[in-house]
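# Analysis of the macromolecular model
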Amino acid sequence: MRRRAGPRAAGLLYRLQREQVNLAMVASRVGDGEDPALSRQRAYCRSLRDALRAIPAAAPAGAEGPEGRG
């Protein structure tokens, strides 16, 4: 990722992976899918994914979808 999209994208990917692990840990602790802490962690992971997708070279191959609409 660092070579393809630069250090910012690599840093975002690292943070996303770390926060996804945290998301799994929160989910295993709370037990309720509607818990506010779980919702916050999901939103944070979503924001990191969105930020990563905003970097053109960081988008995975085929990220636009079969019709090119994203």
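Preceding block: the structure.
Being a predicted model, the structure only gives us computed values, none of them experimental. (Residues numbered from 1 in each chain as written. Predicted model: local features only at pLDDT ≥ 70, side-chain atom pairs only at ≥ 80, totals over all residues. Heavy atoms only, no water.)

This brings us to helix H3 (residues 36–53). Its 18 residues place the ends of H3 26 Å apart at the C-alpha level, agreeing with the 26 Å of an ideal helix rising 1.5 Å per residue. Of all the positions in H3, only Leu38, Gln41, Cys45, Leu48 and Leu52 are classed as buried. Along the axis of H3, the buried residues cluster in a sector spanning 90°; they form a single face. Of the residues in H3, the exposed ones pointing more than 90 degrees away from the buried face are Pro36, Arg40 and Arg53. (Helix = DSSP H or I, 4+ residues; strand = E, 2+ residues; numbered from the N terminus. Expected span 1.5 Å × (residues − 1). Buried < 20%, exposed > 50% of the residue type's maximum accessible area, 1.4 Å probe, protein only. Arc of directions from axis to C-beta.)

Here the focus is the environment of arginine 49. Positionally, arginine 49 belongs in helix H3. With relative accessibility at 29%, the residue arginine 49 sits in the partly exposed group. Spatially, the C-alpha atoms of arginine 49 and leucine 12 are 8.2 Å apart, while their sequence positions differ by 37 residues.

This brings us to the nonpolar core. Here is a general trend for soluble globular proteins: nonpolar side chains tend to be buried in one another's company. Listed in full, the eight residues of the largest apolar core are Ala9, Leu12, Leu16, Cys45, Leu48, Leu52, Ile55 and Ala58. The set of elements that each furnish at least two residues to this core consists of helix H2 (7–30) and H3. (Core = buried A, V, L, I, M, F, W, Y, C linked by side-chain atoms within 4.5 Å.)

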